[in-house]
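Coordinate analysis (summary)
The residues making up each chain are set out below.
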Amino acid sequence: MSYRAPVRDLAFTLEAIAGMADVSATGAFPDYDSDVAGAVLEAAGQFSEEVLAPLNRIGDQQGSHYANGAVTAAPGFADAYRQFAAGGWTGLSAPAEVGGQALPKALELAAFETVHSANMAFGLCPMLSLAAIEALDQVGTEEQKHKYLTKLVSGEWTGAMVLTEPGAGSDLGSLITTATPNGDGTYALNGQKIYITWGDHDATDNIIHLVLARLPDAPKGPKGISLFLTPKFAVNDDGSLGDRSDFRPVGVEHKLGIHASPTCVMSYEGARAELVGRPNEGLAHMFVMMNAARLAVGVEGVGIAERAYQHALAYALDRRQGRSVWTGEANAPIFDHPDVRRMLGVMKAKTSAARAICLSTGVAADLARHAGTEDDRRRWKAREDLFTPIAKAWSTDVGCEVASLGIQIHGGMGFIEETGAAQYYRDARIAPIYEGTNGIQAMDLVGRKLSMDGGEAARALIVDMKATLVDLAHLYSGKPLERFATGIEAVQDATLWLLDRKAEPEAAADVLAAADAYLKLMGDVVGGWMLAKGALAAKARLGTGEGDPVWLQGKLDLYEVYAANVLGHVSSRLAAVGQGGDLLKRLTAEALTG
């Protein structure tokens, strides 16, 4: 089944739900308007459909290859990447002074959804370049920006984020890679890193590695980590490439999914590097990259969900079995069976909600930088920080759930590789793990994000959702309205309970035990809020005769599907928030055995 970029859905989400009008009103993006957005999304969709999607299956089947200390990309990927770079896609939101197009981050996220849908393994390569661009733009020196940033923005070179070690995964404070001064302002990196996505490949002439390591006099733990830059090939003063650096891939991992994305084991053996930012503040600097990557991974979840949904819908319309309860037709398409249509409705509704959460986070990021007053910038930064772990974790869980439902709709054929449905599930499964597991996102949400402002960002969110609830009462009554109201109340109760427990040091286990349920509750209810805003916007357009009435009515119907199938279960989420740390402590290994 061919992929079709959901350009209309993307444009509607940006304009009617995420709030791109507020971004335009800042004046920070004079070249941006709805026509530009439409042109960018159409072009991104066309490239993704025509160039990237056809490579998805062969990339899964053949993957990348390692031999003789080098990695070769999957068939067709190097050429596709060169076309991607030539199209300027890496520089959509980068500053104009380094060759970027200076467009809003939210638009870039929307365009990249089509890339991840069409070919998730491919999308990881430029995604990490975007994170490197963000880090160098914020903490790099002027010389580093001149030397490396322009080539990253143009896509001529790619970036790699180099954190994990065999003994230091989620706990980066345990890493042991060293950076020894060479005496000339540079450093020698020594150590081994694992899980380095696109750490080596043949699609570009150079790869810029941003590496976490320790200086000789660094304190132990996370406060003793610094960030370093080392290119695959040294860059001379005139921009030409010099000698090969002293780091190599020593293998690629054989994975459940994303086979075409080379996940490298890298060895650094005195690799010449330069410090990025301040000594011993590397973890804070790397979080600039990680936060950008976490939101991008959330978009990956949306992308793979959209692809799995489209695949399942096409199959349901084509596969014939049983009698339709609506038309009486024998040997009807399985689309005409209520449970199949219910599953498709849930897939579409949750994908739409996740898309809106991610793009709204992108809008918050744009406004955090460009809103007119310091107070507004601070408020939008708080919204961005609050939403980022939700966007990453909830959206990637949606990706897995929707891909799993896609297999279910295929029935036994879904379990057969030839239909293609299984690949989406295998690919989706990594997203809740990398860039900080979803459990870590939940701990970040209830820990740092609720603590840094005493819960003010969460309270502001609740106020905004209640305002939408008032408007929604003009559109719905009964269960669709009541379930959203119940969801808002559940978020408010859970937030107040967590803030109360966080004030008691002995209750730390209770807070962490509640983290996953709280994040999922927030995602469920915020997703409902997003679809409620979409329903209100669709109703307004229907009232003025603007747009396709069948498509717009679908936005109202999707909210009702979501309210019934997701918001209808928020009470169980709220109950899980209060389960308590003592209960989990009692679950010893012996208690969990058969």
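In this convention, every chain numbers its residues from 1, walking through the sequence in written order. Restriction of local features to residues with pLDDT of at least 70 applies here, the model being predicted, together with a cutoff of 80 or more for giving and counting side-chain atom pairs; totals for whole chains, interfaces and linings are based on all residues. By convention in this description, side-chain values take in all heavy atoms of the structure and omit both hydrogens and water.

**Notes on the overall build of the protein chain**
A helix here means a DSSP run of H or I that spans at least four residues, while a strand means a run of E at least two residues long, and both kinds are numbered starting from the N terminus. Secondary structure assignment for the protein chain yields 18 helices and 11 strands. Here the C-alpha atoms of the protein chain give a radius of gyration of 24 Å, agreeing with the 25 Å that 2.2 N^0.38 yields for 594 residues. Dimensions of the protein chain along its principal axes, counting C-alpha atoms only, are 75 × 60 × 55 Å. Three labels apply to residues, based on accessible area from a 1.4 Å probe with only protein chains included: buried if under 20% of the type maximum, exposed if over 50%, partly exposed otherwise in between. For the protein chain, the proportion of its 594 residues judged to be buried stands at 57%. Every residue pair with non-hydrogen atoms within 4.5 Å of one another is taken to be in contact. Long-range contacts, defined here as pairs at least 24 residues apart, represent 74% of the contacts in the protein chain between residues at least 6 apart. Only C-alpha atoms enter the radius of gyration; for comparison, a globular chain is expected to reach 2.2 Å times N to the power 0.38, where N is the number of residues.

**Comments concerning the domain arrangement of the protein chain**
The assigned domain composition of the protein chain is domain 1 (7-154), domain 2 (157-279) and domain 3 (437-584). In this structure, domain 1 and domain 3 have C-alpha centres spaced 30 Å apart. Between domain 1 and domain 3, the residue contacts involve 6 residues of the former and 10 residues of the latter. The term buried area denotes the loss of accessible surface (1.4 Å probe radius) that occurs when two parts are joined, taken as the sum for both partners. Both faces considered, domain 1 and domain 3 share a buried interface measuring about 740 Å² in area, 62% of it formed by carbon and sulfur atoms. It is Arg-8, Phe-12 and Ile-17 in domain 1 that bury the most area against domain 3; as a group they hold 74% of the surface buried on that side. An automatic or database domain assignment provides the domain bounds reported here.

**Focus: the nonpolar core**
As used in this record, nonpolar core signifies buried Ala, Val, Leu, Ile, Met, Phe, Trp, Tyr and Cys residues forming a set joined through side-chain atoms within 4.5 Å. Membership of the largest hydrophobic core comes to 179 residues, with the highest contact counts inside it found for Met-465, Phe-484, Tyr-518 and Tyr-559. Once residues lying within four places of it in the same chain are set aside, the contact partners of Phe-484 are Met-465, Thr-468, Leu-469, Leu-472, Val-525, Gly-528, Trp-529, Ala-532, Tyr-559 and Leu-567. Listed in part, the 21 residues of the second largest apolar core include Val-162, Tyr-187, Ile-207 and Ala-271.

**Describing the pairing of strand β7 (residues 226-231)**
For β7, a buried count of 6 out of 6 residues is recorded, marking the element as mostly surrounded by other parts of the structure. In β7, alternate side chains face the same way, and those of Ser-226, Phe-228 and Thr-230 on one face and Leu-227, Leu-229 and Pro-231 on the other are all buried. Strands qualify as paired when DSSP identifies two bridges or more between them. Both β7 and strand β11 (residues 263-276) contribute to a ladder of 3 bridges, which runs antiparallel. Within β11, the position partnered with Leu-227 by the bridge is Val-276.

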